[in-house]
Amino acid sequence: MVNCCGLVTVKNEPVPLKSIAVEVSVQGHVATVSSTLQYENQEQSPLEAIFVFPLPGEAAVCRFSAKIGQTEVVAEVQEKQKAQEQYDDALSSGQQAFLLEESDESPDVFKLSVGSLPPGEKASVSLDYVTELAVQADDGLRLCLPAVLNPRYQPQGSDSGSGGSAQVSSVPAGSVPYSLSLSAHVSSPHPISRVESNCPLDPLNYLNTEKTQATVSLAAGHQFDRDVELLLYYQDTHQPTAIVEAAQASAKPGSLMGDPVVMLSLYPEFPKDVMSSMTSHGEFLFVVDRSGSMECPMHLGSGSQDRIGSARDTLLLLLKSLPMGCYFNIIGFGSSYESFFSKSVEYSQKTMDEALQKVKEMRADLGGTEILQPLKHIYSQPCLPDQPRQLFLFTDGEVRNTKEVLDLVKTNAGSHRCFSFGIGKGASTALISGVAKQARGHAQFITGQDRMQPKVMQSLRFALQPAVVDISVKWNVPKGVSVTPLSPPIRVVFQGQRALLYAQLTGESSGDTEGSVMVKYSLAKQPVENQLSFSLKPAEDAGMTVHRLGARTLIQSLEVEEGEQDGEKEGVKEKVIELSIQSGVSSAFTAFIAVHKGDGEALHGQLLRRQVPTPNWYLCSSVLEPDMKLSELDDRADQLMCSASEFEVGTKNFDSPAPTSKPVRDPLLQLISLQKASGSWVLEAALAEVLAKTEEEVSKPKPAQVDQDVWATVLALVWLYGFKMEAQEEWQFLAMKAVSWIQAQKVASVSECVQAGNTLLGCQVQKDTLGL
């Protein structure tokens, strides 16, 4: 087995990682994830094993312990340099040591150095982290244990360093020599409707009659050959909630851990009249990954569309849904990048047609994945007056310079919003979520059998909504209690989205036990207010989940601040280190260190270093040449990955020509492709074909005084509402455009048209339903 990028391996002997057990404790919108990893040294010599541990981008590691034989050591957080020195000293003096730190390249990669394991000895490593659960398009809350990190692509000229944080070896899927067990305990203020997963689950077990507590487990026999994803659904999920968590008994009052912390989950309500008005302004930039890995199928299964094909269909929908009067451009990126237009162009029939032709010819042919350069190019272009910049980023997330990308987005956050889409099971949570968070947008993940189009159109809905401005948050608490916000100010609020806010409550009130928070902002020049009351009486101990997430939020804000400052840099860094050590939450400047002081005998024989594999779909020794550049290596590996998938499931050949002339089979996409930029349709043979009629059958029932284009547009709307309601999320904007266009024609006999259309197509769609 040859590993990627010159990784060191030891023969083909069994890997020391034997099993992984995971316990999840969910409280409403947040969770604690506890995992235990079992190792065994089967070599004749002592060895140092390294395991690269992928975590969700919003996670806070809060506990780390290690057990060698019968002796357990619990790690403590220390300043990173100090922890590394202590680790090296321990190893050189023959002691076992364990070190856990964030990778320098990507915040969602943790490097676990297990240290010196004697021959034949077993070691067990326990790791706990807390995380916020992401809200999905269908109101589900998503918890993902990333089993696969797609090999991170290191752009040329970027210093890979010698830290080993990118050293993830690969083994054939299905032959991972360790097992996984997972169980979850779910608790919520609202009843639990259901729990779903992309892996087989044992039945959901409710613990009380209110259905606010339940347990669920992964079915036996899981091979860790894919992401493990849990989707939780609650009743009344949009209602705001507040959880007050009691202070840690051993901590000093006045410190973060020594005071109660409140977590608010807020869903601002948007007035209906505002929501019905969509903006007609904006500069829409669609930035699409065209690296080799985008040629891979969306999911492993017969007839699965490839990722780039799905992106082409999605761009068709987006281009048809844009409002007249806006500006747009499409940028494809890989090792290099290409723009459809030299600068953003005004949306018209001409520019839309030109863009659609280029979309048809778009292929996954630009090599590796480098997002930084196209973003730098975009930010170098001046923003257009009165056209807010909206960026849509599509990628399967295989980059190694995540932090550099996030820093760039953060610097330019004031000038745009970014909506990001992680495609496939290897998309980096840190990259996809981080880009959206820094640029006040929204992140979506498209995995398993998910279709890209509904999720993308939901984000377009956010992008077209009037922007929320002048946001203020005011806490009201009784006399004697003070509130210290731990979260940065809310900068963006979307309809139907959740904002989690953390605050420290210091002091005590003699009487009143109620507090409240008021959120104010203006939306479409209208003032909006939301108020939520909460009890100051702390809930029973919840394992300090809320405190640790509050600490993580504050640490992240301070880390960004530290990156921006020069003069006071040390002061902020010291504050982060102090907060990290106090809360037990890791940061960019700290690491967990555990040293087991044994008899301290000198080591006998050579110390071996063994990489623990993570399952992957490819890598074949015959095609990796020693002098290959990383971008070529990445692209070659991607080709192999796709070839293997095609061999298994019979998808299209990697070298097949782009589908330039192949007609779109799906009648919905066919109808959408016929719509004009203005929102209208033309009475033509292609439209009749979609409606499953002849041209004559379609023309004949047209009311005499009605224009042909109005008739065609009404027919298209009746067909959409009559036959394609399940996909309404995908076509709602182009339908709104069609309705606006019909209304602008001032047609007297719309009712007659709708009636005739119903008769022709065998539907019963009401005029009001169409919005006419």
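Reading the values: rules and limits
- Residues numbered from 1 in each chain as written.
- Predicted model: local features only at pLDDT ≥ 70, side-chain atom pairs only at ≥ 80, totals over all residues.
- Heavy atoms only, no water.
- Helix = DSSP H or I, 4+ residues; strand = E, 2+ residues; numbered from the N terminus.
- Expected span 1.5 Å × (residues − 1).
- Bend = angle between axes of the 7 residues up to and from the residue.
- Buried < 20%, exposed > 50% of the residue type's maximum accessible area, 1.4 Å probe, protein only.
- pLDDT = per-residue confidence, 0-100.
- Contact = heavy atoms within 4.5 Å.
- Polar contact = N/O pair within 3.5 Å; in protein donor to acceptor, adjacent residues only side chain to side chain.
- Arc of directions from axis to C-beta.
- Pairing = 2+ DSSP bridges.
- Axes fitted to C-alpha atoms, helices over the stretch in contact; angles between N-to-C directions.
- Parallel < 35°, antiparallel > 145°, perpendicular 65-115°, else oblique.
- Core = buried A, V, L, I, M, F, W, Y, C linked by side-chain atoms within 4.5 Å.
- Salt bridge = Lys/Arg side-chain N within 4 Å of Asp/Glu carboxyl O.
- Phe/Tyr/Trp six-rings, centres within 6.5 Å; stacked < 30°, edge-to-face > 60°.
- Lys NZ or Arg CZ within 6 Å of the ring centre and 35° of its normal.

Visitor: Any chance you could explain helix α16 (residues 728-744) here in plain terms?
Guide: Think of an α-helix as 3.6 residues a turn; residues three or four steps apart then line up on the same face. For α16, built from 17 residues, the straight-helix expectation of 24 Å at 1.5 Å per residue is met to within 8% by its first-to-last C-alpha distance of 23 Å. When the local axis directions of α16 are compared, the greatest deviation, roughly 30°, occurs at Leu734. Of the positions making up α16, those classed as buried are Glu730, Trp731, Phe733, Leu734, Ala735, Lys737, Ala738, Val739, Trp741 and Ile742. Phi turns positive, to about 50°, at Lys746, one or two residues after α16.

Visitor: How should the confidence of the model for the protein chain be read in this particular structure?
Guide: As a general rule, the predicted coordinates of low-pLDDT regions are not to be interpreted in detail. A residue-level look at the protein chain finds 76% of positions with pLDDT of 70 or above and a mean pLDDT of 78. Across residues 600-605, where pLDDT falls below 50, the model places 8 contacts with residues more than four positions away in sequence or in other chains. Segment residues 641-664 is flagged for pLDDT under 50; beyond a separation of four residues in sequence, or across chains, it makes 40 contacts in the model.

Visitor: When you look at the environment of Lys403 in this model, what are you seeing that I'm missing?
Guide: Structurally, Lys403 can be placed in helix α6 (residues 402-411). Relative accessible area serves as the criterion here: at 26%, Lys403 is assigned to the partly exposed category. Between the C-alpha atom of Lys403 and that of Ala430, which follows or precedes it by 27 residues, the distance is 8.8 Å.

Visitor: How should I be thinking about the side chain of Lys455 in this particular structure?
Guide: Of note, Lys455 is situated in helix α8 (residues 452-464). Here Lys455 falls in the buried class, since its relative accessible area comes to 12%. Separated by 2.7 Å, the side chain of Lys455 and the backbone oxygen of Phe445 make a polar contact.

Visitor: Could you clarify how one ought to interpret helix α4 (residues 349-360) in this entry?
Guide: Taking 1.5 Å per residue as the helical rise, α4 with its 12 residues ought to reach 16 Å, and the 17 Å between its terminal C-alpha atoms agrees with that figure. Looking at α4, one finds that the buried residues are Thr351, Met352, Ala355, Leu356 and Val359. Axial view of α4: buried residues confined to an arc of 135°, hence all on one face. Looking at the buried residues of α4, the elements they touch are α3 (307-321), β21 (327-333) and β23 (345-346).

Visitor: How do you make sense of unusual backbone geometry when you look at a structure like this?
Guide: You will see that Ala692, though not glycine, has its phi angle at about 60°, which is positive. As for its placement among the helices and strands, Ala692 is situated in the loop between α13 (685-690) and α14 (695-699). Classification of Ala692 by relative accessible area gives exposed; the value is 65%. For Lys746, which is not glycine, the phi torsion reads 50° and is therefore positive. On the secondary structure map, Lys746 appears in the loop between α16 and α17 (750-761). Relative accessible area serves as the criterion here: at 72%, Lys746 is assigned to the exposed category.

Visitor: Explanation requested: the pairing of strand β16 (residues 213-217) in the structure shown.
Guide: Consecutive side chains of a regular strand alternate in pointing toward one face of the sheet and then the other. Covered by surrounding structure in β16 are Ala214 and Val216 only, the residues Gln213, Thr215 and Ser217 on the alternate face being uncovered. Here 2 bridges tie strand β15 (residues 205-206) to β16, and the two strands are oriented antiparallel to one another. Each bridged residue has a counterpart across the sheet, and for Asn205 the counterpart in β16 is Thr215. Hairpin connection of β15 to β16: 6 residues between the antiparallel strands, including Lys211 at a positive phi of 60°.

Visitor: Is there a simple way to explain the packing of α3 against α4 in this structure?
Guide: Between two packed helices, both the angle of their axes relative to each other and the distance between the axes serve to describe the pair. It is the contact of α3 with α4, at a shortest axis distance of 10 Å, that shows an interaxial angle of 175°. In terms of orientation, α3 and α4 fall into the roughly antiparallel class. Only Met352, Ala355, Leu356, Val359 and Lys360 of α4 make contact with α3, whose side of the interface consists of Arg312, Leu315, Leu316, Leu319 and Lys320.

Visitor: What is the right way to look at the sheet that holds strand β18 (residues 241-245) in this model?
Guide: Sheets are built from strands paired through backbone hydrogen bonds, the pairs being either parallel or antiparallel. With antiparallel pairing, the 4 strands of this open sheet are ordered in space as β18-β19-β29-β28. Each end of this open sheet is capped by a strand with a single partner; those strands are β18 and β28 (482-485). Strand-to-strand twist of the sheet, defined as the mean angle between neighbouring strand axes without regard to direction, takes the value 25°. Where β18 lies against strand β19 (residues 261-266), 5 bridges are found, and the strand directions are antiparallel.

Visitor: Is there a simple way to think about the nonpolar core in this case?
Guide: Soluble, globular proteins show a tendency: their nonpolar side chains are buried together. Judged by nonpolar contacts, the single largest core of 82 residues is most densely connected at Phe284, Phe392 and Trp681. Sorting elements by how many residues they give to this core places helix α15 (residues 708-723) first, with 11 residues. Other than its neighbours up to four places away in sequence, Trp681 contacts Leu671, Leu674, Gln675, Leu687, Asp709, Ala712, Thr713, Ala716, Leu720, Leu734 and Ala738. Val24, Ala31, Phe64 and Ala184 belong to the second-largest nonpolar core, a separate cluster that totals 45 residues.

Visitor: For this particular structure, what's the right way to read the sheet that holds strand β9 (residues 122-132)?
Guide: If you trace the 8 strands from one edge of the open sheet to the other, you get β5-β4-β9-β2-β1-β13-β16-β15, paired in mixed fashion. Only two strands of the sheet have a single neighbouring strand rather than two, namely β5 (71-74) and β15.

Visitor: Got a minute to help me understand the side chain of Thr395 in this structure?
Guide: For Thr395, the location among the structural elements is in strand β24 (residues 389-395). The class of Thr395 is buried, set by a relative accessible area of 0%. With near-sequence residues (within four places) excluded, Thr395 lies in contact with Asp289, Phe333, Thr369, Ile371, Phe421, Gly422, Ile423, Leu431 and Ile432.

Visitor: Looking at this structure, I do not really get the pattern of salt bridges. What am I missing?
Guide: Using the criterion set out here, one finds 9 salt bridges in the structure. Residue Arg142 is joined to Glu229 by a salt bridge in which the shortest nitrogen-to-oxygen separation is 2.8 Å. A residue pair is termed long-range when its members are at least 10 positions apart, and Arg142 in strand β11 (residues 141-145) and Glu229 in strand β17 (residues 228-234) qualify at 87 residues. Exposure remark for Arg142: the relative accessible area of 10% places this residue in the buried category. Judged by its relative accessible area of 9%, Glu229 falls in the buried class. Arg307 is the partner of Asp396 in a salt bridge, and the nearest nitrogen-oxygen pair spans 2.8 Å. Taken together, the positions of Asp396 in the loop between β24 and α6 and Arg307 in helix α3 put the pair 89 residues apart, joining distant regions of the chain. As far as the burial class goes, Asp396 and Arg307 line up, both buried. When salt bridges with common partners are traced through the structure, they connect Arg290, Glu338 and Asp365 into a single cluster.

Visitor: Is there a simple way to explain the packing of aromatic side chains in this structure?
Guide: Any pair of aromatic rings gets described here by the distance separating the centres and the angle formed by the planes. Counted by the stated rule, this structure contains 10 aromatic pairs. Relative to Phe421, the ring of Phe394 has its centre 4.7 Å away and its plane inclined at 15°; by these criteria the two rings are stacked. Note that Phe394 is positioned in strand β24 and Phe421 in strand β25 (residues 416-423), a separation of 27 residues in sequence. A cation over an aromatic ring shows up here: Lys358 above the ring of Phe341, its NZ or CZ 5.2 Å from the ring centre.

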